[in-house]
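# Per-entry structural report
Chain residues, written in single-letter form:
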Amino acid sequence: FQVFNSKTAELLSHHQVEIKQEFPREGWVEQDPKEILMSVYECIEKTCEKLEQLNIDISNIKAIGVSNQRETTVVWDKITGEPLYNAVVWLDLRTQSTVENLSKRIPGNNFLKSKTGLPLSTYFSAVKVRWLLDNVKEVQRAVEEDRALFGTIDSWLIWCLTGGTNGGVHCTDVTNASRTMLFNIHSLEWDKELCEFFEIPMKILPNVRSSSEIYGLMKAGALEGVPISGCLGDQSAALVGQMCFRDGQAKNTYGTGCFLLCNTGRKCVFSEHGLLTTVAYKLGRDKPVYYALEGSVAIAGAVIRWLRDNLGIINSSDEIEKLAKEVGTSYGCYFVPAFSGLYAPYWEPSARGIICGLTQFTNKSHIAFAALEAVCFQTREILDAMNRDCGIPLSHLQVDGGMTNNKILMQLQADILYIPVVKPSMPETTALGAAMAAGAAEGVGVWSLEPEDLSAVTVERFEPQINAEESEIRFSTWKKAVMKSMGWVTAESSESSDPSIFCSLPLGFFIMSSMIMFIGARYISGQLLFKLDNFIS
């Protein structure tokens, strides 16, 4: 929760907590909707306490904006207010077989893309809702009994914060709706044909509103009575926070994933190179809608979390910069973090993560450097696609998000793109965009979005420091690694891998198997090439 001065865009105070992610099976990613709600209340309360310590009266908070990871899906009971299942996170892959079954009965090649701007993918909300309807009895029963409500995280939070079972407002905004695959981005309405194709009842869907209007009032907590008047999906919020209001302006956000958005104005531009067409924003009920082209990368900051939580080669996310700085190179090691398949520009769900180019010399610092390089290479791929679609190459890249505090990452990005990278002094532009939309809403009117009133932003600039030829060599080697990551799994093979099979095997089996593999490795190669203690102490 972050509080801004509406005249200067200065960040006055903030508080954050990390939300747990659950991985009940391979490829499954879930979060607890109630934990998310409690974290919001906690962050509001703590921030208000900090404001009072700064002698800032919290009655000066005039509006609240919500921003969220867009495709994460929640279905809850409107009678009890309880979630009917965990939130299915945007990265989740359990719906691959659902996608394959749906792909066999699409009525025409362009049916989905022409209406939604999106490809059929595990990424978007409609297939997650379809999976819940097919597999969770509580959800099926609640829909039959007219008790179920569906929403992305913004809908869940706004419903709860505005009263929940006591008159909570069930709504979403156009940017979040455009990521469900149920929303027609031309008519700006839920599409009857799309809902029939996915067999999702329209009665469970939230009302679609603009990104900047009063949805309802806070019904509890320190800010009771304050209007919630801004709502934007995280990437649209960052576009607003970076003040990319003109056709052709673009930004790249480095968060859990990596998202490059280019404002295309009031016209829908459909990509020929693997990008998405999405709603950028609609800043008022009577204001026009603006569109964007988007390049989506599934894994960016998530790879740092993986190095911390799964491999244990760092204790905190901040350590990655220090580790990478020790070597200053990946020494020919390349890391393709396709943990959830590959998103733009490939849209290849069969891909999985690989680390290649290992030698006896490779150590954990090289792996750390390769992880940072991977984020930059993926950005290069979506930027190249964006340049081909738009026809005018970007002369510089505006960046934001928590990862931009890593100076090695930003310099690597400038080197790999071979254009300057420009970072604002306040990188959390997603929250800023939500605050701007909330403050500008009719009936609030404390934040002007007129160009002459927008505050100038101080920036840090990173210039390329290697020659173009070296940049191209590194990028072409990366693309070779990407090709090797593809074709690893099918829906059938991933669904048949039941973890309970392994639970029933004795420990001796695994020790014996490990010895056989170890001896085999020595016998075949004459030496063991892969030393685990290089990576994990």
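Residues numbered from 1 in each chain as written. Predicted model: local features only at pLDDT ≥ 70, side-chain atom pairs only at ≥ 80, totals over all residues. Heavy atoms only, no water.

### Structural notes on the overall build of the chain
Cut-off, in case you're wondering: Runs of E in the DSSP output that reach at least two residues are strands. Runs of H or I that reach at least four are helices, and both are numbered from the N terminus. As a reference, a globule follows 2.2 Å times the number of residues to the power 0.38, and the radius of gyration itself is taken over C-alpha atoms. With a 1.4 Å probe rolled over the protein chains alone, any residue whose accessible area is under 20% of its type maximum counts as buried; one over 50% counts as exposed, and the rest are partly exposed. By the convention used here, residues are in contact when the closest approach between their heavy atoms is within 4.5 Å. Here the open area of atoms and residues is found with the Shrake-Rupley method and a 1.4 Å probe, where only the protein chains shown may cover a residue.
Check the secondary structure of the chain and you find 18 helices and 22 strands. For 537 residues, the compact-globule estimate of 2.2 N^0.38 gives 24 Å, and the chain sits close to it at 24 Å. Judged by the C-alpha coordinates and their principal axes, the chain covers about 75 × 55 × 50 Å. Counting over 537 residues, the chain shows a buried share of 54%. Sequence-distant contacts in the chain: of pairs separated by 6 or more residues, those separated by 24 or more amount to 74%. Counting only carbon and sulfur atoms, one obtains 53% of the accessible surface of the chain, whose full area is about 23,500 Å².

### Here we look at the pattern of salt bridges
Put simply, the rule reads: Note on definitions: salt bridges are taken to be side-chain nitrogens of Lys or Arg within 4 Å of carboxyl oxygens of Asp or Glu.
Per the stated rule, a full pass over the model turns up 30 salt bridges. Here Lys115 ties to Asp191 by a salt bridge, and the two come within 3.0 Å at their closest N and O atoms. On the criterion of sequence distance, the pair formed by Lys115 in helix α3 (residues 111–116) and Asp191 in the loop between β10 (189–190) and α8 (192–198) is long-range, its members being 76 residues apart. Residue Lys115 shares its accessibility class with Asp191, and that shared class is buried. Across the pair Asp309 and Arg305 runs a salt bridge whose closest N-O atoms are separated by 3.8 Å. Of this pair, Asp309 and Arg305 both sit in helix α10 (residues 301–311), four residues apart, which is roughly one turn of the helix. Each of the salt bridges in this network shares a partner with another, and the network as a whole consists of Arg70, Glu71, Arg179, Asp234 and Glu294.

### What about the environment of Asn176?
As a reminder, the rule being used: As used in this structure description, the phrase polar contact means that two N or O atoms lie within 3.5 Å; if the pair is within protein, one of them must be able to donate a hydrogen and the other to accept it, and residues adjacent in sequence are counted only when both atoms belong to side chains.
Tracing the chain through its elements places Asn176 in helix α7 (residues 174–177). Accessibility expressed as a relative area gives 0% for Asn176, which makes it buried. Between the C-alpha atoms of Asn176 and Glu71, which are 105 residues apart in sequence, the distance is 7.4 Å. Apart from residues lying up to four places away in sequence, Asn176 is in contact with Asn68, Arg70, Thr152, Asp154, Cys231, Leu232 and Gly233. In terms of polar contacts, Asn176 uses its side chain to reach the side chain of Asp154, at 3.3 Å.

### Here's the deal with the packing of aromatic side chains
What characterises a pair of aromatic rings is the spacing of the ring centres plus the angle enclosed by the ring planes. Defined as follows: Working definition: rings of Phe, Tyr and Trp (its six-membered ring) pair if their centres are within 6.5 Å, and the pair is stacked with planes under 30 degrees apart, edge-to-face with planes over 60 apart, and tilted otherwise. Only Lys NZ and Arg CZ are tested; either one counts as a charge over a ring when it is within 6 Å of the ring centre and within 35 degrees of the ring normal.
Taken as a whole and assessed by the stated rule, the structure comprises 25 aromatic pairs. Measuring from ring centre to ring centre gives 5.6 Å for Phe111 and Phe197, while their planes differ by 70°; the resulting arrangement is edge-to-face. With Phe111 in helix α3 and Phe197 in helix α8, this residue pair connects regions lying 86 residues apart in the sequence. The same class applies to Phe111 and to Phe197, which are both buried. An aromatic cluster of three or more residues is present, and its members are Trp90, Tyr123, Phe124, Phe259, Tyr343 and Trp347. In this arrangement the basic side chain of Arg70 is found over the ring face of Phe259, its NZ or CZ atom lying 5.4 Å from the centre.

### Notes on the UniProt feature "domain: Carbohydrate kinase FGGY C-terminal" (unreviewed entry) in the chain
The cut-off we apply is this: UniProt positions are given in the numbering used here, feature names are shortened, and annotations may be inferred rather than shown by experiment.
UniProt feature "domain: Carbohydrate kinase FGGY C-terminal" (unreviewed entry): in the numbering of this structure it lies at residues 251–441. Across residues 251–441, helical content stands at 37% and strand content at 21%; the span's end C-alpha atoms are separated by 24 Å.

### Notes on a negative patch on the surface
To be explicit about the condition: Without a salt bridge and with relative accessible area above 30%, a residue can belong to a patch; like charges are then joined within 9 Å and nonpolar side chains (Val, Leu, Ile, Met, Phe, Trp, Tyr) within 5 Å. Positive charges come from Lys and Arg alone, negative charges from Asp and Glu alone, with His and the N- and C-terminal ends not counted. Positions of charges follow a simple convention, taking NZ of Lys, CZ of Arg, CG of Asp or CD of Glu.
A surface patch of like charges, here negative, comprises Glu45, Glu49, Glu52 and Asp57. Overall, Glu45 belongs to the partly exposed group, its relative accessible area being 31%.

### Quick notes on the pairing of strand β15 (residues 258–265)
We count it as follows: For two strands to be treated as a pair, DSSP must find at least two bridges joining them.
Of all eight residues in β15, eight are buried, a share of seventy percent or more. Of the two faces of β15, the one carrying Cys258, Leu260, Cys262 and Thr264 and the one carrying Phe259, Leu261, Asn263 and Gly265 are both buried. Two elements, strand β14 (residues 250–254) and β15, share five bridges in a ladder whose sense is antiparallel. The residue bridging Tyr254 from the neighbouring strand is Cys258, located in β15.

### Considering the sheet that holds strand β21 (residues 421–424)
To keep it simple, the criterion reads: Helix axes are fitted to C-alpha atoms over the stretch in contact, other axes to C-alpha atoms as well, and angles between N-to-C directions run from 0 to 180 degrees.
Pairing is mixed in the open sheet, where seven strands are placed in the order β16-β17-β15-β14-β20-β21-β22. Either end of the sheet is taken by a strand with one partner, and the two such strands are β16 (276–281) and β22 (459–462). Going from strand to strand, the sheet's axes swing by 30° on average, the running direction of each strand aside.

### Describing the UniProt feature "domain: Carbohydrate kinase FGGY N-terminal" (unreviewed entry) in the chain
As recorded in UniProt, the sites labelled "domain: Carbohydrate kinase FGGY N-terminal" (unreviewed entry) are residues 3–241. Secondary structure across residues 3–241 comprises 34% helix and 20% strand; the distance between its end C-alpha atoms is 14 Å.

### As for the side chain of Thr72
Along the chain, Thr72 turns up in the loop between β4 (64–68) and β5 (73–77). Only 3.2 Å separates the side chain of Thr72 from the backbone nitrogen of Trp90, close enough to count as a polar contact. Setting aside residues up to four positions removed in sequence, Thr72 forms contacts with Gln31, Ala87, Val88, Val89, Trp90, Gly151, Thr152 and Ile153.

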